[in-house]
Amino acid sequence: MPAQSASQPATRSRRPVRVEAPAANAPTRARPGPAPAPPDPLESDPTVASFIAFLRVECGLSANTLRAYRRDTLDLLHDLGARPSSVLQTLRTTGPRALVEHLTTLKNSRAMASTSIIRHMATIKVLLRFLVSVGKLESSPADHLDRPTRWRKLPNVLSPRQMRDLLSAPDRAVSNALSAAADSPAADTTAAAPSANARAARLAMLRTLALRDKAMLELMYASGLRASEVGALHIDDYKPTLGVLIVTGKGNKQRLVPVGKPAQHALERYLSEARPRLAAKNPRHHTRLILSHTGRPLERVAVWKLVKKNAAIAGLNKVHPHVLRHSFATHLLAGGADLRVVQELLGHSDIATTEVYTHVDRSRLKEVHRKHHPRA
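(A) Layout of the overall build of the protein chain. Across its full length, the protein chain holds 15 helices and 5 strands. Counting the 376 residues in the protein chain, one finds 40% classified as buried. Excluding contacts between residues fewer than 6 apart, the proportion of contacts in the protein chain whose partners are at least 24 apart in sequence is 62%. About 21600 Å² of surface is accessible on the protein chain, with carbon and sulfur atoms providing 53% of the total.

Shown next, in the form of structure tokens:
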């Protein structure tokens, strides 16, 4: 990631600002991560294992969704007091009241949001219907449960001017670094030569990462990408001749999304000037489109950090990757795009998910009201 500044003495009278970025040939040391949690004993139960395999193979759920379903299933079984090799027997003796008590516990004791409780209920229904379909249960007690009301929060959206500020943040970061470097010249001594070379290498890497950030932000806004979809892109997914991007979204569903001219220009600069330098650090990931400073594919958390870092440079608060996606959809609708088209571009399976953006563009609502209401 582009570096922050720290001070280092160069002369007796001035303390120049040193712009830090990963050195060009610096070896990367693996940071020790948290120890992996031991597997839950209930996961070895045949009922649980077959259900997870059903979700992965037949439903084609993404890795993140699969983890959520596994976690919700284990929460339910632990709350019901199930033990390994007795999961099926526990579910056979479970009635609607026990399921309601489990959901109530999630709400009261664990203070879960309504969206999380709805997801838990969906997991329970899928699990029990799966067992009915394979002949393990005669009926599903979850069929008697009513879905709780889900209050929808309006998504946070950037204005076109704020979006321009965000997209220009990588260029601003380079300009700030060059200004800081110009204000802190190295001392005219032989010992300062290695320091000058190191400073030049850091600035070169900063430019490389800025081109990467610019291409990433332009693509996310131009194509409405999720954070997880950014790191999953391959070079072959970009079709420059057609100006489109093949995006693999949730459930491995693919969609074709146009890429605007500014995003194409930023991407072409990144591919020709920046990506070869990043790819040289880790040739194993040479097919991924957007790479980290170590040459590896960008993880979802890294995308979040990069978006927040550039938002801070642009002076914007509460900006995360999904805000760019929200802005993409809202600006399309404000420009007159059809709701069904926006649904396809976002990869939403249900148009009700896309309809929330119609409540964000207040100017269009006022225009429709003024045009069609007799007393407007």
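Following the structure, the description resumes.
(B) A look at unusual backbone geometry. Unusually for a residue other than glycine, Ala-111 sits at a positive phi of about 50°. Structurally, Ala-111 is set in the loop between helix H4 (96-108) and helix H5 (114-133). Given the relative accessible area of 61%, Ala-111 is considered exposed. With phi around 55°, Lys-318 is a residue other than glycine that occupies positive phi space. With respect to the secondary-structure elements, Lys-318 resides in the loop between helix H11 (300-313) and helix H12 (321-334).

(C) Quick look at the packing of aromatic side chains. Taken as a whole, this structure holds 2 aromatic pairs when the rule is applied. Between Phe-51 and Phe-130 the ring centres are 5.7 Å apart and the planes differ by 45°, which places this aromatic pair in the tilted class. Here Phe-51 is found in helix H1 (residues 46-58), whereas its partner Phe-130 is found in helix H5, with 79 residues between them in sequence. Residue Phe-130 is classed as buried on the basis of its relative accessible area of 10%.

(D) Molecular detail of the nonpolar core. Of all hydrophobic cores here, the largest spans 51 residues; its most connected members are Met-216 and Val-319. Of all the secondary-structure elements, those providing two or more residues to this core are helix H6 (160-167), helix H8 (192-223), helix H9 (227-232), strand E4 (244-248), helix H10 (261-279), H11, H12 and helix H13 (339-346). Sort the elements by how many residues they give to this core and H8 lands first, with 8 residues. If sequence neighbours within four positions are ignored, Met-216 has contacts with Val-230, Leu-298, Val-303, Leu-306 and Val-307.

(E) Spotlight on H4. The end-to-end C-alpha distance of H4, which contains 13 residues, comes to 18 Å, matching closely the 18 Å that a straight helix rising 1.5 Å per residue would cover. Looking at H4, one finds that the buried residues are Leu-99, His-102, Leu-103 and Leu-106. Projected down its long axis, H4 shows its buried positions confined to an angular sector of 90°, all on one face. Exposed side chains of H4 directed beyond 90 degrees from the buried face belong to Arg-97, Lys-107 and Asn-108. For H4, the secondary structure elements touched by its buried residues are helix H2 (63-79) and H5.

(F) Region of the structure containing the packing of H2 against H4. Relative orientation of the contacting elements H2 and H4 amounts to 115°, with a least axis distance of 10 Å. Between H2 and H4, the angle falls in the class roughly perpendicular. By crossing handedness, the relation of H2 to H4 is classed as right-handed. Every residue of H4 that contacts H2 at Asp-75, Leu-76 and Asp-79 is listed here: Leu-99, His-102 and Thr-105. Class assignment of the residues belonging to the contact of H2 with H4 gives a composition of 2 nonpolar, 2 polar and 2 charged.

Each value, and the rule that gives it
Residues numbered from 1 in each chain as written. Predicted model: local features only at pLDDT ≥ 70, side-chain atom pairs only at ≥ 80, totals over all residues. Heavy atoms only, no water. Helix = DSSP H or I, 4+ residues; strand = E, 2+ residues; numbered from the N terminus. Buried < 20%, exposed > 50% of the residue type's maximum accessible area, 1.4 Å probe, protein only. Contact = heavy atoms within 4.5 Å. Areas by Shrake-Rupley, 256 points an atom, 1.4 Å probe, with all protein chains shown as cover. Phe/Tyr/Trp six-rings, centres within 6.5 Å; stacked < 30°, edge-to-face > 60°. Core = buried A, V, L, I, M, F, W, Y, C linked by side-chain atoms within 4.5 Å. Expected span 1.5 Å × (residues − 1). Arc of directions from axis to C-beta. Axes fitted to C-alpha atoms, helices over the stretch in contact; angles between N-to-C directions. Parallel < 35°, antiparallel > 145°, perpendicular 65-115°, else oblique. Left-handed = near helix turned anticlockwise from the far one by under 90°. Nonpolar A, V, L, I, M, F, W, Y, C, P; charged D, E, K, R; others polar.

Worth remembering: the numbers are spatial, not functional.
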